[in-house]
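Results of the structural survey
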Amino acid sequence: MYKAYPSPILAIKRNRQKLIASTALLGLSLLSACNTSPPAPTEKQQMTTRMGDTAAVEVVDMRSVVRNNLLTAQVTVKNWGPKPDKATGEQKEDTKLYGYRFKWLNASGMVVFSDEAWKPLTLTRDQSADLVGIAPNPDAAAFRFEINQYK
Amino acid sequence: MNKYQLSTVLLISLVLGACANKTAPQQSSQIYIPPPTVVKYGDSQSIETVTADFGSTDLQTVAETMTRSLLQSKVIQNSISAPTVTLAEVKNQTTEPINTRMMTEKIRTQLLKSGQVRFAISANEMQSQVDETKRQNQSGMYRNDGTAKPGRMEGAKYRITGTISTIVKQNRDMKDVFYNFNLNLVNNESGLLEWAEEKEIRKTVTR
């Protein structure tokens, strides 16, 4: 009886196909691993500096406009309050007081004014506020928003 | 000296000795040892809530709000060159002693740092200006070409005036202080009130 053996050229081609397939699988697995890393910070996150426990306060909106030669910034924040207790599901009382200020930068990213004073901000649960800041001089081209917890 | 007298003398000396031993620590305990103190620097811009009285945070917030609003006004921004202004001392219409000179100077410094306005000598500072001009021109100690000539002062186009007032309410458990700060810009020639801004601050103290 004649027994058909695979030719050596065909064997090499099959090995190459296996190698390509395994490389593709490895690449896909690496890509999926990359997907699990934290997402890149948004522009709002990059423009916000947080100090202390301010996780309950979300920066909802940020916008700016040049009005009469001075940059005017508006930041909308909302206090969602601390997360409810895991065991009982009860809402925790939110008595934290916050402070905020704007930092004004020129086109080169240099600070155009000495540090602003921290302004007190009292936000109860689910309360939002529109915080408006006006640049101290016409050199200001950009701003950063700083928020901290002081009590 | 009999035994009785000897024992009496010994007893007295023992008592005195005991007293002497007791007075020594008393003398040392009278030396005042102050409690240990800790000195540290803090953030001058941080929020201060020691009492409900007018404090550094209120001063800084008021000065910032007022100057930024004034700088953004059309009167200042539509001027071809930086207008000359004077700033009168802020009037304290509260029952609380507030250093209004500090507040006035803070507002003036922030306005000057913006480069958007120029300050002319105010009425309070006029005497020192007159004295200096007289000293340069009448003492005979200066070269003629280097002296500040009288009659060349620049008059202010606008004057800034401000007041601070409060409403205080309190009961046994709570005290509420409401501050209202007002700043006005008046055109000296026309007498028109060109700009006004106010800042309100509420502070409460609970027991």
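Whatever comes next refers back to the structure up there.
Structure report, in brief. Every chain is numbered independently, its residues counted from 1 as its sequence is written. Key to labels: chains lettered from A, ligands numbered from 1, both in the order written. In keeping with the model being predicted, local features are shown solely for residues with a pLDDT of at least 70 and side-chain atom pairs are shown and tallied solely at 80 or more, while totals for entire chains, interfaces and linings include all residues.

Counting its regular elements, chain A contains 2 helices and 7 strands. Burial is judged by counting the other C-beta atoms within 10 Å of a residue's own C-beta: 20 or more makes it buried, 12 or fewer makes it exposed, and any count in between marks it as partly exposed, with every C-beta position built from the backbone. Split into buried and exposed, the 151 residues of chain A put 19% on the buried side. Residues are defined as contacting one another if the C-beta atoms placed from their backbone atoms lie within 7 Å. Contacts in chain A between residues far apart in sequence, at least 24 positions, make up 64% of those at least 6 positions apart. Every helix listed is a DSSP run of H or I at least four residues long, and every strand listed is a run of E at least two residues long, numbered separately from the N terminus.

Once that is clear, we can look at the overall build of chain B. The helix and strand inventory of chain B stands at 5 helices and 6 strands. Listing every helix and strand of chain B by position from the N terminus yields α-α-α-β-β-α-β-α-β-β-β. Computed over C-alpha atoms, the radius of gyration of chain B comes to 32 Å, more than 25% over the 17 Å expected from 2.2 N^0.38 for 207 residues, which places it beyond the range of a compact globule. By principal-axis analysis of the C-alpha atoms, chain B measures approximately 115 × 60 × 30 Å. When the 207 residues of chain B are sorted by exposure, 18% land in the buried category. For a compact globule the rule gives 2.2 Å times the number of residues to the power 0.38, and the radius of gyration it is set against comes from C-alpha atoms.

Residues and elements named next belong to chain A. Positive phi values are uncommon outside glycine, yet Asn69 reaches one of about 75°. Considering the arrangement of structural elements, one finds Asn69 in the loop between strand E2 (57-67) and strand E3 (70-79). Accessibility expressed as a C-beta count within 10 Å gives 14 for Asn69, which makes it partly exposed.

Let's shift gears to the sheet that holds E3 of chain A. Pairing between strands requires that DSSP locate at least two bridges from one strand to the other. Strand order in the open sheet made by the 3 strands is E2-E3-E6 (chain A), with antiparallel pairing throughout. This sheet does not close on itself; its edge strands, each paired only once, are E2 and strand E6 (128-134) of chain A. On average, each strand axis in the sheet is inclined to that of its neighbour by 15°, with strand direction left out of account. Pairing analysis gives 7 bridges linking E3 of chain A to E6 of chain A, with the strands arranged antiparallel. Across the sheet, the residue bridging to Val75 of chain A is Leu131 of chain A, located in E6 of chain A. Inter-axis angles, ranging from 0 to 180 degrees, are taken between N-to-C directions of lines fitted to C-alpha atoms, where helices are fitted over the stretch in contact. Together, E2, E3 and E6 of chain A form the strand contacts of helix H2 (residues 56-72) of chain B, whose direction differs from that of E6 of chain A by roughly 65°.

So, about the interface of chain B and chain A. The partner chain A presents 15 residues to the 15 residues of chain B that form the contact. Those elements that provide at least two residues to the side of chain B that touches chain A are H2 and helix H3 (74-77) of chain B. At 8 residues, the largest contribution of residues to the side of chain B that touches chain A is made by H2 of chain B.

Looking now at the pairing of strand E7 (residues 142-149) of chain A. Here strand E1 (residues 48-51) of chain A pairs with E7 of chain A via 4 bridges, running parallel. Bridge assignment links Met51 of chain A to a residue of E7 of chain A, and that residue is Asn148 of chain A.

Residues and elements named next belong to chain B. Relative orientation of the contacting elements H2 and helix H4 (residues 100-114) amounts to 40°, with a least axis distance of 9 Å. Relative to H4, H2 is oriented oblique. Taken as a pair, H2 and H4 cross one another with a handedness that is right-handed. Here H2 contributes Leu59, Val62, Ala63, Met66, Thr67, Leu70 and Leu71 to the contact with H4, which in turn contributes Met102, Met103, Lys106, Ile107, Gln110, Leu111 and Ser114. Amino acids are sorted into nonpolar (Ala, Val, Leu, Ile, Met, Phe, Trp, Tyr, Cys and Pro), charged (Asp, Glu, Lys and Arg) and polar (every other residue, Gly among them). Its residues assigned to classes, the contact of H2 with H4 comprises 10 nonpolar, 3 polar and 1 charged. Should an angle lie under 35 degrees it is considered roughly parallel, over 145 roughly antiparallel, and from 65 to 115 roughly perpendicular; all remaining angles are considered oblique. Left-handed describes a crossing in which the near helix is turned anticlockwise from the far one by less than a right angle; the clockwise case is right-handed.

All names here are of chain A. One open sheet holds the 4 strands; their spatial order is E1-E7-E4-E5, and the pairing between them is mixed. Sheet topology places E1 and strand E5 (119-122) at the edges, where each strand pairs with a single neighbour. Neighbour-to-neighbour, the strand axes of the sheet open up by a mean angle of 25°, direction not taken into account. Examined bridge by bridge, strand E4 (residues 97-105) and E7 share 8 bridges and lie antiparallel to one another. Note that in E7 the partner of Tyr100 across the bridge is Ile147.

On to H4 of chain B. Residue and element names in this part refer to chain B. The first and last C-alpha atoms of H4 sit 22 Å apart over 15 residues, in line with the 21 Å expected at 1.5 Å per residue. The set of residues buried in H4 consists of Met103, Ile107, Gln110, Leu111 and Ser114. Buried residues of H4, seen end-on, are gathered within an arc of 100° and therefore sit on one face of the element. Of the surrounding secondary structure, the elements contacted by the buried residues of H4 are H2 and strand E1 (84-87). One or two residues past the end of H4 sits Gly115, with phi positive at roughly 75°. A helix is expected to reach a length of 1.5 Å times the quantity of its residues less one. This arc is built from the directions going out from the helix axis to the C-beta atoms.

This paragraph deals with H2 of chain B. For H2 of chain B, with 17 residues, the first-to-last C-alpha span of 24 Å sits near the 24 Å given by 1.5 Å per residue. Most of H2 of chain B is tucked away: 14 of the 17 residues are buried.

To continue, consider the environment of Thr49 of chain B. Residue and element names in this part refer to chain B. Looking at where Thr49 falls in the secondary structure, it is placed in the loop between helix H1 (3-29) and H2. The exposure class assigned to Thr49 is partly exposed, which follows from the 13 C-beta atoms found within 10 Å. Sequence separation between Thr49 and Lys203 is 154 residues, and the spatial gap between their C-alpha atoms is 9.1 Å.

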